[in-house]
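# Chain and residue survey
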Amino acid sequence: MNILTFDIEEWFHCDFISDDKNWSNYEVRIYESTDFILNTLSKYNRKATFFILGWVAEKHPEIVKKIYNEGHEIGCHSMKHELVHRFTPQQFREDTKNAINVIEQLVGEKVIMYRAPAFSITEETPWAFEILNELGITHDASIFPAKHDYGGFPTFGSSEPSIIETNGISIKEFPMNIHKIFNKSIVFSGGGFFRLFPYNMIKKWTLDSEYVMTYFHPRDFDKDQPMLQHLPLMRKFKSYYGLKDSGAKFDKYISDFKTTSIIDVSENYDWDMAKKYII
């Protein structure tokens, strides 16, 4: 089971440190990289799930329409790319509701999928699932089942499609898959670690995994993007390492593996046998 997903955000949205939200002053770079993604998927006849940042949908609606018109699934990636655990429940509700509304107006159908920025729904914010349910979200992909820089959900257990139950509601969860290296949990199937490790290693780990949840961003394939100088050294390394060869590596990955989308898996999955995580 190899699920293909993308978080559609700008190159500067990797920054969770600065409080400067005056993003309109930054260079627009999202078009070329998103086109690269869509052209690669078309080349190999792959469909995927795209989690759209509400800010991007508002500023660049034609991107969302193009993704949707090419037959891909559309989900929500928040409005302003803020970590969930920095919100109060009411702030989270408003941010998510605003993003969903903007996206739905563009695609003309209900948004039922959500991914939190930086997988930032944690064990301390179970109320987020209740609010997502309230807003019509039935499928979530926000859980990182280990410790994480901006969140993490270590008690979640094995990575597999699961059902989260809390206060009488349930949501179908598609967590990240993790791989242990020297007792550190990594996600080789997307982002910085995908760019870091040699392709043959990524291919082997994928073949050895029954469940893979990929996640990529347009910036992962933009070798000419500016560098945010104020980022901590490790964050800067994760955000910029391997950009030169990432496009070719991604093309090879999509060629080698038959990937699919979240709803396609969900419609063919035996949810009666799924693991349940009760909060």
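Residues numbered from 1 in each chain as written. Predicted model: local features only at pLDDT ≥ 70, side-chain atom pairs only at ≥ 80, totals over all residues. Heavy atoms only, no water.

### Some words on the pattern of salt bridges
Opposite charge on two side chains allows them to pair when their charged atoms are near. Quick reminder of the rule: Every case where a carboxyl oxygen of Asp or Glu lies within 4 Å of a side-chain nitrogen of Lys or Arg is listed as a salt bridge. Strands here mean DSSP runs of E at least two residues long; helices mean DSSP runs of H or I at least four residues long; both are numbered from the N terminus. Three labels apply to residues, based on accessible area from a 1.4 Å probe with only protein chains included: buried if under 20% of the type maximum, exposed if over 50%, partly exposed otherwise in between.
Throughout the structure, instances matching the rule amount to 15 salt bridges. Among the ionic pairs, lysine 276 bridges to glutamate 165, the shortest N-O distance being 3.5 Å. Taken together, the residues lysine 276 in strand β14 (residues 275–278) and glutamate 165 in strand β9 (residues 162–166) connect sequence positions 111 residues apart. Look at glutamate 165 and you get partly exposed, because its relative accessible area is 24%. Bridged by salt links that share partners, the residues Glu27, Arg29 and Asp222 form one connected network.

### A short note on the packing of aromatic side chains
Put simply, the test is: Centres within 6.5 Å make a pair out of two Phe, Tyr or Trp rings, where for Trp the six-membered ring is used; the pair is then stacked when the planes are under 30 degrees apart, edge-to-face when over 60, and tilted otherwise. The rule for a charge over a ring is simple: NZ of Lys or CZ of Arg within 6 Å of the ring centre, and within 35 degrees of the ring normal.
The full count for this structure, using the stated rule, is 30 aromatic pairs. Residues phenylalanine 12 and tryptophan 55 carry aromatic rings whose centres are separated by 5.8 Å and whose planes lie at 80 degrees to one another, so their mutual orientation is edge-to-face. Separated by 43 residues along the polypeptide, phenylalanine 12 in the loop between β2 (5–8) and α1 (30–43) and tryptophan 55 in helix α2 (residues 54–59) bring together distant segments of the chain. For tryptophan 55, a relative accessible area of 11% gives the class buried. These aromatic residues form a ring-pair network of at least three members: Phe6, Phe36, Phe50, Phe194, Phe216, Phe221, Phe250, Tyr253 and Phe257. Across from the ring centre of phenylalanine 194, 5.7 Å away, lies the NZ or CZ of lysine 249, which sits over that ring.

### Re the nonpolar core
Grouped burial of nonpolar side chains is what soluble globular proteins tend to show. Here is the rule: Only buried residues count toward a nonpolar core. Its members are Ala, Val, Leu, Ile, Met, Phe, Trp, Tyr and Cys residues joined through side-chain atoms within 4.5 Å. Note on definitions: a residue-residue contact is assigned when non-hydrogen atoms from the two residues lie within 4.5 Å.
Counting 69 residues, the largest nonpolar core has Phe6 and Phe50 as the members making the most contacts within it. It is helix α4 (residues 89–107) that contributes the most residues to this core, six residues altogether. Setting aside chain neighbours within four positions, we find phenylalanine 6 in contact with Ile37, Leu41, Ala48, Thr49, Phe50, Phe51, Phe216 and Phe250. In terms of nonpolar packing, the next biggest core, distinct from the first, is built from 19 residues, Phe119, Phe144, Phe174 and Tyr211 among them.

### Digging into the packing of helix α7 (residues 199–207) against helix α9 (residues 243–256)
Using the following cut-off: A fitted line through C-alpha atoms serves as each axis, taken over the contacting stretch for helices, and the angle formed by two N-to-C directions is quoted from 0 to 180°. Any angle between 65 and 115 degrees counts as roughly perpendicular, while under 35 counts as roughly parallel, over 145 as roughly antiparallel, and the rest as oblique. Each crossing is labelled by how the near helix is turned from the far one, with a counterclockwise turn of less than a right angle marking it left-handed and a clockwise turn marking it right-handed.
Between α7 and α9, the least distance of the axes is 11 Å, while the angle of their chain directions is 30 degrees. When the axes of α7 and α9 are compared, the pair comes out roughly parallel. The crossing of α7 and α9 is right-handed. Contacts from Tyr199, Ile202, Lys203 and Thr206 in α7 reach Lys249, Lys252, Tyr253 and Asp256 in α9.

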